[in-house]
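Tertiary structure, described
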Amino acid sequence: TESYETIRIERKGRTALLTLDRPKSLNALNLQVMNEIVAATADLDRDPGIGCIVLTGSPKAFAAGADIKEMRPQSYMDMYLSDWFTAWDRLGALRTPTVAAVSGYALGGGCELAMLCDILLAADTAVFGQPEIKLGVIPGIGGSQRLTRAVGKAKAMEMCLTGRTMDADEAERAGLVSRVVPAGDLVGEALAVAETVAGMSLPVAMMAKEAVSRAFETTLAEGVRFERRLFHAVFATADQKEGMAAFVEKRQPGFTHS
Ligand code: CO8
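Worth saying up front: this structure is predicted, and the values here are computed from it rather than measured. (Residues numbered from 1 in each chain as written. Predicted model: local features only at pLDDT ≥ 70, side-chain atom pairs only at ≥ 80, totals over all residues. Heavy atoms only, no water.)

**Focus on the pairing of strand 7 (residues 119–123)**
Extensive coverage of strand 7 is indicated by the burial of four of its five residues. Across three bridges, the pairing between strand 7 and strand 10 (residues 179–181) is parallel. Paired with Ala123 across the strands is Val181, a residue of strand 10. (Buried < 20%, exposed > 50% of the residue type's maximum accessible area, 1.4 Å probe, protein only. Helix = DSSP H or I, 4+ residues; strand = E, 2+ residues; numbered from the N terminus. Pairing = 2+ DSSP bridges.)

**Some points on the side chain of Glu170**
Looking at the element boundaries, Glu170 is found in helix 8 (residues 168–174). Aside from chain neighbours lying at most four places away, what touches Glu170 is Lys155, Arg164 and Thr165. (Contact = heavy atoms within 4.5 Å.)

**What about the site of the ligand?**
Near the ligand there are 24 residues, and of these Lys60, Ala64, Ala66, Ile68 and Gly109 occur at the shortest range. One nitrogen or oxygen atom from the main chain of Ala64 is found 3.0 Å from a nitrogen atom belonging to the ligand. Lys69 has a polar side-chain atom sitting 3.0 Å from an oxygen atom of the ligand. Counting residues per element, the ones that place at least two in the shell around the ligand are helix 2 (68–71) and strand 6 (105–107). A per-element tally of the shell around the ligand places helix 2 first, with three residues. A breakdown of the residues in the shell around the ligand according to their chemical character gives 14 nonpolar, five polar and five charged. (Near = heavy atom within 4 Å. Polar contact = N/O pair within 3.5 Å; in protein donor to acceptor, adjacent residues only side chain to side chain. Nonpolar A, V, L, I, M, F, W, Y, C, P; charged D, E, K, R; others polar.)

**What about the confidence of the model for the chain?**
Residues of the chain with pLDDT of at least 70 account for 99%, and the chain-wide mean is 97. In the predicted assembly, ipTM is 0.93 and pTM is 0.96. (pLDDT = per-residue confidence, 0-100.)

**Thoughts on the pattern of salt bridges**
For the structure shown, the criterion picks out 13 salt bridges. A salt bridge links Glu170 to Lys155; the shortest N-O distance between them is 2.6 Å. Placement of the pair is Glu170 in helix 8 and Lys155 in helix 7 (residues 153–162), with a sequence separation of 15 residues. Look at Glu170 and you get buried, because its relative accessible area is 10%. The exposure class assigned to Lys155 is partly exposed, which follows from its relative accessible area of 26%. We note a salt bridge from Glu170 to Arg164, for which the minimum N-O separation is 2.8 Å. Judged by its relative accessible area of 27%, Arg164 falls in the partly exposed class. Connected through salt bridges with shared partners, the residues Lys155, Glu158, Arg164 and Glu170 form a single ionic network. (Salt bridge = Lys/Arg side-chain N within 4 Å of Asp/Glu carboxyl O.)

**Things to note about the environment of His257**
Assignment of secondary structure puts His257 in the segment after helix 12 (238–248). As for His257 and Ala190, which are separated by 67 residues in sequence, their C-alpha atoms are 22 Å apart. Excluding residues within four positions of it along the chain, His257 makes contact with Arg14, Ala198, Met200, Ser201, Leu202, Pro203 and Asp239. Here the side chain of His257 touches Met200 through a polar contact of 3.3 Å, landing on its backbone oxygen.

Below is the structure:
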């Protein structure tokens, strides 16, 4: 099932590394790339042996956007009837935690793809932007919404209206990325973060992801109520008993992901 043409999948213990591999077009996200990423991550999401998924690109480009050559001839009816890009929503709906490791260009759909992931790590070479306006279009994979929630109206408006990009330091100051690391260390750091996440209880990590994600969808009171229900639910896991027993017995926990 893992014979893809535009991406590569490597499994390392409980983590999976998905590398975009369309170098001639700087990982431009055409429908094949979208379908392969969505299919591969859905497979990994169903695999109880995988606790975290890392998405990365090449040193030069995480992804330089949706594929402009593919979009160019489309009509409104083509876009509407095929519900162009709707499959990307499935990436945001994965239950397994995801890490985007961005070096080089993350523009347009590339920036949106990174923002669909749960943890966003940037190399010092990363460049983020929503330059769609320069092509006579606007973001179409959630960029106008997720960038605004991540960095606020001031920067999001300027970026979406002028196409101005942000470097890694500005992205970190603005809260778009959790950390900036030297480019050569990016994938190693991302895998280390993923291994840490994958070493936690999978159901509890899924609930933590659900709880934080809910903050973007609801009011504070409803979000806190949702968190409280999940907090109660973790006491039904074997891993809560194990995690707390290990603390009291001054040893490392051995989570069974149940
Ligand atoms: N789509 C298709 N091909 C691309 C893309 C892209 N987004 N980006 C780069 N390429 C191709 C180039 O055409 C070139 O191919 P060729 O060698 O055949 O000419 C190859 O990749 C290498 O690119 P460059 O020669 O341009 O490389 P440079 O190092 O000179 O420049 C840049 C790198 C600055 C990243 C430049 O390639 C660039 O500006 N790319 C486009 C960035 C962009 O505008 N991205 C946004 C695209 S639109 C989008 O993502 C969302 C649209 C939402 C629509 C919603 C519809 C429902």
